[in-house]
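Listed below, chain by chain, are the residues.
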Amino acid sequence: MEINNTPDISGDGEQFDKNVKLIIIGSGPAGLSAALYAARADLKPVVLTGMELGGQVSLTFTVDNYPGFPEGVGGSELVEKFKQQAEHFGAIVNFDSAVEVDLSQYPFFIRTYQGEYLAQAIVVATGASARHLDIPGEKKFTGRGVSYCATCDGWFFKEKDVVVVGGGDSALEESLFLTRFAKSVTIIHRRDELRAGTFLRNRAAANPKIHFIMNSIVSDILGEDAVKSVKLKNVETGEIRDHPTDGVFVFIGHTPNTQLFEGQLDMDDRKYIKVDPLLHTNVPGVFVAGEAADPHFRQVITSAGMGAAAAMQAIHFLQDRVENS
Ligand code: NAP
């Protein structure tokens, strides 16, 4: 296939080859770690950042559990360090998104907002996005009281009352963060037992600003210009009541960002890409790292580890092709 003449998007004024050895789609811990390893193998990998450099972790206020940072590190600061380290060894990080891939041809074809590429190998590191409740009022009030990011929006709720929906680690961690700003944080969980681990459960229970409403679901988000209340249904008694609130933060898990690969890469019923233990997909030369293939761990360190491993597999794949050609 002929590659279109595309504008320079390297940012340094030089045209660079769109026939690349390795494209990494996504710039979270998985993508940037893959870039570091591939760059050190002199593959000159191109990273397509997607809409947000760093993905979800860049929206995290503090990362406390990434080794090497005993005092914790800001999510966006960590991402910037990942990027600098990968670039130091020759990775090309482009603020661009893949909009179409064709894995049926080789080299693989990737169309982005700014151009087209042919790649001999791909690491998919597109991550996951926050799940929505899909209830009335949610869409209408998104950005006007409904949020999926405490780090981004917590500040707007200074001395306000907010609710957090969800009972997992994210819900509790983000609730603790919201207590920096909000007057009160009420966690609404659909069961009588939290899913979150003991450490966060204990910290949340000890925080005087945090309250719990268990066995309840939010069925409606109400207000005029801004959120005024949520409609709660007790799943045990069936009781329905209004609960006044200024904000609704939703942390009920994630869905993988894998739509681009539907019909081309094998996926499970939740649309996570299927990989073998060596992170190979059903298409030789296409590897996956991070939350696009991982519904279980979802940690910066596990995604970074998968990124390194996927890059090592891509290096082997490309080496084998050279040796067998
Ligand atoms: P999660 O563990 O899947 O928890 C999602 C929570 O949302 C669950 O409590 C679930 O209820 C609830 N939920 C799901 N759908 C719902 C709906 N439609 N309506 C109401 N509630 C709903 O997701 P997560 O908290 O984002 O965590 C994901 C992974 O990341 C986990 O492995 C977690 O350990 C990890 N994580 C770790 C940390 C940390 O170590 N500091 C921080 C954040 C996340 P049920 O419990 O009833 O299913």
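Residues numbered from 1 in each chain as written. Predicted model: local features only at pLDDT ≥ 70, side-chain atom pairs only at ≥ 80, totals over all residues. Heavy atoms only, no water.

Undergrad: Where do I start with the overall build of the protein chain in this structure?
TA: Along its length, the protein chain carries seven helices and 19 strands. Computed over the C-alpha atoms, the radius of gyration of the protein chain is 22 Å, within 12% of the 20 Å expected from 2.2 N^0.38 for a compact globule of 325 residues. Along the longest, intermediate and shortest principal axes, the C-alpha atoms of the protein chain span 70 × 40 × 40 Å. Here the protein chain holds 325 residues, and 50% of them are scored as buried. As displayed, the protein chain offers around 16200 Å² of accessible surface, 49% of which is attributable to carbon and sulfur atoms. (Helix = DSSP H or I, 4+ residues; strand = E, 2+ residues; numbered from the N terminus. Rg over C-alpha atoms; globule rule 2.2 N^0.38 Å. Buried < 20%, exposed > 50% of the residue type's maximum accessible area, 1.4 Å probe, protein only. Areas by Shrake-Rupley, 256 points an atom, 1.4 Å probe, with all protein chains shown as cover.)

Undergrad: Explanation requested: the sheet that holds strand E14 (residues 216–223) in the structure shown.
TA: Hydrogen bonding along the main chain pairs the strands of a sheet, whether they run parallel or antiparallel. Strand order in the open sheet made by the three strands is E14-E15-E16, with antiparallel pairing throughout. Each end of this open sheet is capped by a strand with a single partner; those strands are E14 and strand E16 (240–244). The mean angle between the axes of side-by-side strands here comes to 30°, regardless of whether they run parallel or antiparallel. Pairing analysis gives seven bridges linking E14 to strand E15 (residues 227–234), with the strands arranged antiparallel. (Pairing = 2+ DSSP bridges. Axes fitted to C-alpha atoms, helices over the stretch in contact; angles between N-to-C directions.)

Undergrad: Sorry, what's going on with the domain arrangement of the protein chain here?
TA: The accessible area lost on association of the parts is a frequent measure of interface size. Here the protein chain is partitioned into domain 1 (18–129 + 254–324) and domain 2 (132–250). Here the C-alpha centre of domain 2 lies 32 Å away from the C-alpha centre of domain 1. Taken together, the contacts link four residues of domain 1 with six residues of domain 2. Taking both sides of the interface into account, the surface hidden between domain 1 and domain 2 amounts to around 400 Å²; carbon and sulfur atoms contribute 63%. (Domains from an automatic or database assignment. Contact = heavy atoms within 4.5 Å. Buried area = accessible area lost by both parts, 1.4 Å probe.)

Undergrad: Please clarify how the site of the ligand should be interpreted in this entry.
TA: Not every one of the 20 residues close to the ligand is listed here, only the nearest: Asp-169, Ser-170, Glu-173, Arg-191 and Arg-195. Between the ligand and the protein, one listed contact pairs an oxygen atom with a side-chain N or O atom of Asp-169 at 2.5 Å. One of the side-chain nitrogen or oxygen atoms of Arg-191 is found 2.7 Å away from an oxygen atom of the ligand. A total of 920 Å² of accessible area belongs to the ligand in isolation, and the protein chains cover 77% of it. When residues in the shell around the ligand are grouped by element, the largest group, three residues, is from helix H5 (residues 169–178). (Near = heavy atom within 4 Å. Polar contact = N/O pair within 3.5 Å; in protein donor to acceptor, adjacent residues only side chain to side chain.)

Undergrad: Help me understand the packing of H5 against helix H6 (residues 198–205), please; the structure alone is not making it clear to me.
TA: To describe two helices that pack against each other, one gives the angle between their axes and the distance between the axes. Contact geometry for H5 and H6: axes closest at 10 Å, N-to-C directions at 35°. Between H5 and H6 lies a crossing whose hand is left-handed. Between H5 and H6, the residues in contact are Asp-169, Leu-172, Glu-173 and Leu-176 and Leu-200, Arg-201, Arg-203 and Ala-204, respectively. Split by residue class, the contact of H5 with H6 holds four nonpolar, no polar and four charged. (Left-handed = near helix turned anticlockwise from the far one by under 90°. Nonpolar A, V, L, I, M, F, W, Y, C, P; charged D, E, K, R; others polar.)

Undergrad: Would you take a moment to explain the nonpolar core for this structure?
TA: Generally speaking, a soluble globular protein has its nonpolar side chains buried in company with each other. Formed by 59 residues in total, the largest nonpolar core has its most connected members in Ile-23, Leu-103, Ile-110, Ile-122, Val-123 and Phe-261. Among the elements that line this core, the one with the most residues is helix H7 (residues 300–324), at eight residues. In terms of nonpolar packing, the next biggest core, distinct from the first, is built from 20 residues, Phe-157, Val-162, Phe-181 and Ile-210 among them. (Core = buried A, V, L, I, M, F, W, Y, C linked by side-chain atoms within 4.5 Å.)

Undergrad: Help me out: how do you make sense of the sheet that holds strand E12 (residues 184–188) in this one?
TA: Spatial ordering of the open sheet is given by E10-E17-E11-E12-E13, a layout of five strands whose pairing is parallel. Of all strands in the sheet, those bounded by a partner on one side alone are strand E10 (146–147) and strand E13 (210–213). Pairing geometry for strand E11 (residues 161–165) and E12, over five bridges, is parallel. By the bridge assignment, Val-163 is partnered in E12 with Thr-186. Lying over the sheet, H5 contacts E11, E12, E13 and strand E17 (247–250), oriented at roughly 165° with respect to E11.

Undergrad: Explain the confidence of the model for the protein chain here, please?
TA: Low-pLDDT portions of the prediction should not be read for the details of their coordinates. For the protein chain, the mean per-residue pLDDT works out to 93, and 95% of the residues sit at or above 70. In the predicted structure, residues 1–16 sits below a pLDDT of 50 and forms 31 contacts with residues beyond four places in sequence or in another chain. (pLDDT = per-residue confidence, 0-100.)

Undergrad: For this particular structure, what's the right way to read the packing of aromatic side chains?
TA: Each aromatic ring pair is summarised here by two numbers: the centre-to-centre distance and the angle between the ring planes. Under the definition given, this model contains eight aromatic pairs. Considering the side-chain rings of Tyr-66 and Phe-69, the 6.3 Å spacing of their centres and the 40° angle between planes classify their relative orientation as tilted. For Tyr-66, a relative accessible area of 18% gives the class buried. Note on Phe-69: relative accessible area 23%, which makes it partly exposed. (Phe/Tyr/Trp six-rings, centres within 6.5 Å; stacked < 30°, edge-to-face > 60°.)

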